[in-house]
Amino acid sequence: MKNLTIVSACDRNFLWGAWLLTASCAKNLPTTPVHLLQTGFTPGDIALLEQFPSVKVLPLDDRDARNVSNRKAEALTSADTEFIAWLDADCMVIGDISPLLLPTNGEFQIRLRPPAENAWVWRNHYAPGEARGGLPQSVLARWQADVGQLAKPLLDTTCVANTFILHKKHLDFIRQWKAQIAKVIPPGNAGVVDNRNPAYFMIDESVLTSLLAFSNIAPPISEFRLDREATRHIAHFGASPKPWQNWCLRHWYCHPHIMELLDWAQANGHRTPPIPWSFEKKNRVPAHLKALANEGKSRFRSFGGNLLRSAGIKK
């Protein structure tokens, strides 16, 4: 797609994620330009990604100590195409998603959480007796005061900021996002979640939602279509572990897609970072067994925690 640029950003801890993202774009969207903004990469790392003709690796300003997830605006403003797509550096393109990329309203495509998911995200922030599913009133009040533009919110849920696509006419909104992060998020690297800051504990995502709710230049949101079809969608390896570290069960469906991508790279003479244990074909069965075991441990811990909470015991 010549009228759209895919952008992302990361540090060297996500080299394998950046490779999966850029390689899967090169395989499935070969005419779509990709900008990868980075910090800490070596010249060899950069060459590893720029071996794909559509990929351009750009530096992030080293003077900004914020987590890379709070610097998405820098990547978005690096593009000059009509549409710009942000994908986190732990995302991977599966299949030809080009018919699904452009927003149906021609302006802005992002996923909004349904009520049950939103209620879980904000489960620790509702006041006693407050209805769940929407945004906590205390959070809305803080956001409205901080943004200081609209009196009533345009939405009553949160967005998911790992993947979104916008028309370039909304870059002023992206610049507002950058300015708002600087205003309400303390400088320094607090990671991607900061529970000490209740209204903005999801940091960049919380700030983006606050602007979608109260900014007078917020773009109109269209339906999100990039997570519906098994054969063509964007996979997001959220939370830990990442597949290049170890497999978790919810990501296991991507194992054959990654094996196929590695085969494609080899067949076309493309280089990879050193292959981790989890990506070696001979380890497919033990890797799956390990993912199953870790899932069992996670469910047991969750069950035990729920029992303690129901008994009024704090862990």
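Residues numbered from 1 in each chain as written. Predicted model: local features only at pLDDT ≥ 70, side-chain atom pairs only at ≥ 80, totals over all residues. Heavy atoms only, no water.

Trainee: Honestly, the sheet that holds strand E3 (residues 55-59) in this entry has me stumped. Any pointers?
Mentor: Strands in a sheet are paired, the pairing made by backbone hydrogen bonds, and the direction either parallel or antiparallel. If you walk across this open sheet you meet the six strands as E3-E2-E1-E4-E7-E6, and the pairing is mixed. In this open sheet, the two strands that pair with only one neighbour each are E3 and strand E6 (108-112). In this sheet, adjacent strand axes meet at a mean angle of 20° when their direction is disregarded. Across five bridges, strand E4 (residues 83-87) lies against strand E7 (residues 159-167) in antiparallel orientation. When the bridges of E7 are listed, Leu87 appears paired with Thr163. Across the face of the sheet, helix H2 (residues 43-50) comes into contact with strand E2 (34-39) and E3 while running at roughly 150° to E3. (Pairing = 2+ DSSP bridges. Helix = DSSP H or I, 4+ residues; strand = E, 2+ residues; numbered from the N terminus. Axes fitted to C-alpha atoms, helices over the stretch in contact; angles between N-to-C directions. Contact = heavy atoms within 4.5 Å.)

Trainee: I would appreciate a short explanation of helix H6 (residues 137-147) in the present structure.
Mentor: Owing to its 3.6 residues per turn, the α-helix aligns residues three or four sequence positions apart on the same side. Looking only at H6, the buried set comprises Val139, Leu140, Trp143, Asp146 and Val147. Viewed end-on, H6 has its buried residues packed into an arc of 135°, placing them on one side of the element. Turned more than 90 degrees from where H6 packs its buried face, Gln137, Ser138 and Ala145 sit exposed. Buried-residue contacts for H6 involve helix H7 (171-184) and helix H8 (204-214). Two residues or fewer past H6, Gly148 is found with a positive phi of approximately 70°. (Buried < 20%, exposed > 50% of the residue type's maximum accessible area, 1.4 Å probe, protein only. Arc of directions from axis to C-beta.)

Trainee: Sorry if this is basic, but what is going on with the nonpolar core here?
Mentor: As a rule of thumb, soluble globular proteins bury nonpolar side chains together. Of all hydrophobic cores here, the largest spans 52 residues; its most connected members are Trp19, Leu20, Ile258 and Phe279. Broken down by element, the residue count for this core peaks at nine residues, all from helix H1 (residues 15-28). Contacts of Trp19, omitting those with residues within four sequence positions, involve Ser24, Leu48, Leu49, Gln51, Phe52, Leu261, Leu262, Ala265, Arg271, Thr272 and Pro273. Listed in part, the 46 residues of the second largest apolar core include Leu60, Leu135, Val139 and Phe164. (Core = buried A, V, L, I, M, F, W, Y, C linked by side-chain atoms within 4.5 Å.)

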